[in-house]
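Chains, contacts and geometry: an overview
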Number of protein chains: 2
Amino acid sequence: MPFTYEYARPAVTVDCVVFGLDAEGLKVLLVERNLEPFKGRWALPGGFVHVDESVDAAARRELREETGLADVFLEQLYTFGAVDRDPRERVVSVAYYALVNLSDQPPAKAATDVRDARWFPVQKVTAKAPPLAFDHADILAVAWERLKGKVRYQPIGFELLPRKFTLSQLQRLYETVLGRPLDKRNFRKKILSMGLLVELDEVQQDVAHRAARLYRFDEARYLRLKKKGVDFEI
Amino acid sequence: MPFTYEYARPAVTVDCVVFGLDAEGLKVLLVERNLEPFKGRWALPGGFVHVDESVDAAARRELREETGLADVFLEQLYTFGAVDRDPRERVVSVAYYALVNLSDQPPAKAATDVRDARWFPVQKVTAKAPPLAFDHADILAVAWERLKGKVRYQPIGFELLPRKFTLSQLQRLYETVLGRPLDKRNFRKKILSMGLLVELDEVQQDVAHRAARLYRFDEARYLRLKKKGVDFEI
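The present account deals with the structure reproduced in this document. Just so it is clear, the structure is predicted and the values come from calculations on it, not from any experiment. (Residues numbered from 1 in each chain as written. Chains lettered and ligands numbered in written order. Predicted model: local features only at pLDDT ≥ 70, side-chain atom pairs only at ≥ 80, totals over all residues. Heavy atoms only, no water.)

1. Examining the relation of the copies chain A and chain B
Basically, it comes down to this: Copies are brought into register by a least-squares superposition over C-alpha atoms of residues with pLDDT of at least 70 in both.
You can overlay chain A on chain B at an RMSD of 0.0 Å; the transform is a turn of 180° with a shift of 0.0 Å along its axis. Each copy turns onto its partner about a two-fold axis. The rotation axis passes nearest to the C-alpha of A:T4 in chain A, at a distance of 2.1 Å.

As C-alpha cells, then:
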C-alpha cells in the first residue's frame, strides 16, 4: 500500500560506525552490500528508519540485523543532510557511533541485506580503494574525530576495554585512538590523579612476562564528580 | 501534486536554538506560533526541510524567514527522533544552535508563519508556564548543555561578544554561560596563558569608570594550535 503526502519527503536512514579495539589496534565494523547502489562495496551498517520506531531504536535494530551486535554503547554522532548523498533519491542519514570491546564479542556475522560483515583496521579503511559506499568515508572520518575528542574529556574509552584492565592496556587504548605515543610516566600520573580507577587485588593471568596489576573504572565516582563539575577548565 | 512512496516516511524538520548575550545576560530567541498545533505558544524557530535543499540550508532559511537573522554562527546540535514528539504525525527534527552578539544585531522581527519573535532570558524560559511547544524545552536544555561544554574546550564563546572586548566582558560571558562566578585573578591568568587574545592599543569608549583595555580573539593562532593538538589533556 503506497503512502501519499502533500509535499515531497526525504527518506530517513541510520548509519552506524562501530569501533572495536583488539591486539592489532582500532577496528571498524563494515558490511558488504548485497544490493544496488554500490553492490559489492563495503559500507557502514544501517538502513531505513521505520515510521513507528524512534531513530535510536532504528540504529540498534539495523546494527543487530546486519551484524549480530546488540547491547553496545551507542551514541548519536551527526546527521548527514546533503542533497546528493544518495544516487537513488533524497536521503537524510542520522549517524551513530558505537564502542565495543572485541575480546568480549562473538565474531561479526552478516545477516539480512548484506553479504558479509567484517572488522577492518580504521587506518586502512580510509586509504581503501575502491572507497566505501555513499559518503560513508566522510561519516567514518567524523566519527573518528569525535572519538579522539571524547576520550580526552570523558572516560568513554573504557567501553573499548575489558572490565578489568592493566594500565598498559589503558595507555595503548589512548595511543591507538589518538594515533600517537604517550609518555608512560606522565600518562600514569595523570590517569591515576583523576581518581577514576579502582586498583584491584588481582593481577593479569596467563602472561609470559611479569603479571601486571588489574584496575577497573569507577563509574559511580565519575558520575558524582561530573555532577559537581570537577573537571572544569577554561 | 501529491507525492507517493512505497513505505511511510517521517517528515523532516529543523529547529534552531539561537543564543544571544546582552547586558542582562544570556538570551534565547523564540517565536510565537500562528498555526496549530500549539497556536499562540512560544517555540524555537524552525520548519520543514524541502526535498531539494540540504538540512543545513533549511536551518538557515527558516531562521531568516521567521526571525530575520542571517549570517550567524550555526552548528548542528542533535537530531530528535522520538516517535511521538509531534501530535500531528511522525516528525524527525534536526536541531541546530546559533550564537549571536546581540549588540551587533537588529532587533528580532517576526515573519512568515509566526506572530512574534522575541529574545527571552534562558533561565526564565525553562521555568515558563505554559511551557514551550513540542519538545522544544528539551531541545533548549540539550543546547544549553552543549554550550556549557563547548566554551570549556573551544573558544566558541567569542561569537557572543563584540569583535573587541574587555577581559571583564569575557569573564561575564563565561560566568553567564556556565551559571556560576569565576575568580577574577585565576580567570585572567588562565585565559591569557592560552595565548589566544591579542591586546589592542585601544581602550573602551564612553564609559563612566576607568576605561579598560580592549582585546580581540586570535582565530588564526587558535586554528594553528588546534592543528598541532596543543590543548591535549587526558
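2. Quick notes on the interface of chain A and chain B
What counts, and what does not: Note on contacts: a residue pair qualifies if any of its non-hydrogen atoms lie within 4.5 Å across the two residues. Salt bridges, as used here, are contacts in which a Lys or Arg side-chain nitrogen is within 4 Å of a carboxyl oxygen on Asp or Glu. N or O atoms closer than or at 3.5 Å make up a polar contact, with two conditions inside protein: a donor-capable atom paired with an acceptor-capable one, and, for residues adjacent in sequence, both atoms drawn from side chains. Gly falls in the polar group here, along with every residue not listed as nonpolar (Ala, Val, Leu, Ile, Met, Phe, Trp, Tyr, Cys, Pro) or charged (Asp, Glu, Lys, Arg). Any two strands between which DSSP finds at least two bridges are classified as paired. For the purposes of this entry, the term helix denotes a DSSP run of H or I that reaches at least four residues, the term strand denotes a run of E that reaches at least two, and both are numbered from the N terminus.
Taken together, the contact between chain A and chain B spans 43 residues of the former and 43 residues of the latter. The interface formed by chain A and chain B includes two salt bridges. Put simply, A:R9 and B:E89 hold a salt bridge, and the shortest N to O gap is 2.7 Å. Linking chain A with chain B are 19 residue pairs in polar contact (both at pLDDT 80 or more). In terms of residue class, the side of chain A that touches chain B is made up of 26 nonpolar, six polar and eleven charged. Where strand β1 (residues 3-5) of chain A and strand β1 (residues 3-5) of chain B come together, three bridges link them in antiparallel fashion. Bridge pairing in β1(B) links A:T4 to B:T4.

3. Let's talk about unusual backbone geometry
Glycine aside, negative phi is the norm for most residues, and most peptide bonds take the trans geometry. Residue A:E36 is joined to A:P37 through a cis peptide bond whose omega torsion reads -5°. Within the fold, A:P37 resides in the loop between β3 (25-33) and β4 (42-43). Its identity is not glycine, yet B:F134 carries a phi of approximately 50°, on the positive side. For B:F134, the location among the structural elements is in the loop between α2 (122-126) and α3 (136-153).

4. Some words on the packing of α3(B) against helix α4 (residues 167-178) of chain B
A packed helix pair is summarised by two numbers, namely the angle formed by the two axes and the spacing between the axes. Residues and elements named next belong to chain B. Formally: With axes taken as lines fitted to C-alpha atoms, and helix axes fitted only over the stretch in contact, angles between N-to-C directions fall between 0 and 180 degrees. Put simply, angles under 35 degrees are roughly parallel, angles over 145 are roughly antiparallel, angles from 65 to 115 are roughly perpendicular, and the rest are oblique. By convention the crossing between two helices is left-handed if the near helix lies anticlockwise of the far one by an angle smaller than a right angle, and right-handed if it lies clockwise.
Two elements in contact, α3 and α4, have axes separated by 9 Å at closest approach and are oriented at 140°. On the basis of their axis angle, the class for α3 and α4 is oblique. In terms of crossing hand, the pair formed by α3 and α4 is left-handed. Two secondary-structure elements touch here, α3 through W144, L147, K148, V151 and R152 and α4 through Y174, V177 and L178.

5. Points about the packing of aromatic side chains
Residue and element names in this part refer to chain A. This is how the line gets drawn: Two rings belonging to Phe, Tyr or Trp (six-membered ring only in the last case) form a pair when the distance between their centres is within 6.5 Å. Interplanar angles under 30 degrees mark stacking, angles over 60 mark edge-to-face geometry, and anything in between is tilted. Buried residues are those whose accessible area, probed at 1.4 Å on protein chains only, stays under 20% of the maximum for their type, while exposed residues exceed 50% and partly exposed ones sit between those limits.
Summed over all chains, the structure comprises 17 aromatic pairs over all chains. With a centroid separation of 4.8 Å and 70° between ring planes, the pair formed by W42 and F120 is classed as edge-to-face. In this pair, W42 sits in strand β4 while F120 sits in strand β8 (residues 114-121), placing the two residues 78 residues apart along the sequence. With respect to burial, W42 and F120 carry one shared label: buried. With a centroid separation of 4.2 Å and an interplanar angle of 10°, the aromatic rings of F158 and F217 are classed as stacked. Highlighted residues: F158 in the loop between α3 (136-153) and α4 (167-178) and F217 in strand β10 (residues 213-217), separated in sequence by 59 residues.

6. So, the pairing of strand β7 (residues 91-101) of chain B
Residues and elements named next belong to chain B. Most of β7 sits inside the fold, with eleven of its eleven residues counted as buried. When strand β2 (residues 11-22) meets β7, the two strands line up parallel, connected through eleven bridges. By the bridge assignment for β7, C16 is matched with Y96. As paired elements, strand β6 (residues 73-80) and β7 share seven bridges and run antiparallel to each other. Considered in β7, the bridge of T79 is made with V94.

7. Brief notes about the pattern of salt bridges
It is possible for side chains of opposite charge to pair when their charged atoms get near one another. What the rule picks out here adds up to 32 salt bridges over all chains. Among the ionic pairs, A:E65 bridges to A:R61, the shortest N-O distance being 3.4 Å. Residue A:E65 and its partner A:R61 are located together in helix α1 (residues 55-67), separated by four residues, close to a single helical turn. B:E75 serves as the salt-bridge partner of B:K150, at 3.4 Å between the closest nitrogen and oxygen. Pair noted here: B:K150 is in helix α3 and B:E75 is in strand β6, with a separation of 75 residues, a long-range link. A residue is classified by how much of its surface remains accessible, and B:K150, at 17% relative accessible area, is buried. Taking relative accessible area as the criterion, B:E75 reaches 26% and is therefore assigned partly exposed. Several salt bridges converge on common partners, so that one network encompasses A:E53, A:R61, A:E62 and A:E65.

8. Remarks on the environment of B:M194
Residue and element names in this part refer to chain B. Turning to its location among the elements, M194 is positioned in the loop between α5 (184-193) and β9 (197-203). Under the relative-accessibility criterion, M194 is labelled partly exposed at 32%. The sequence separation of M194 and R60 amounts to 134 residues, and the corresponding C-alpha distance is 33 Å.

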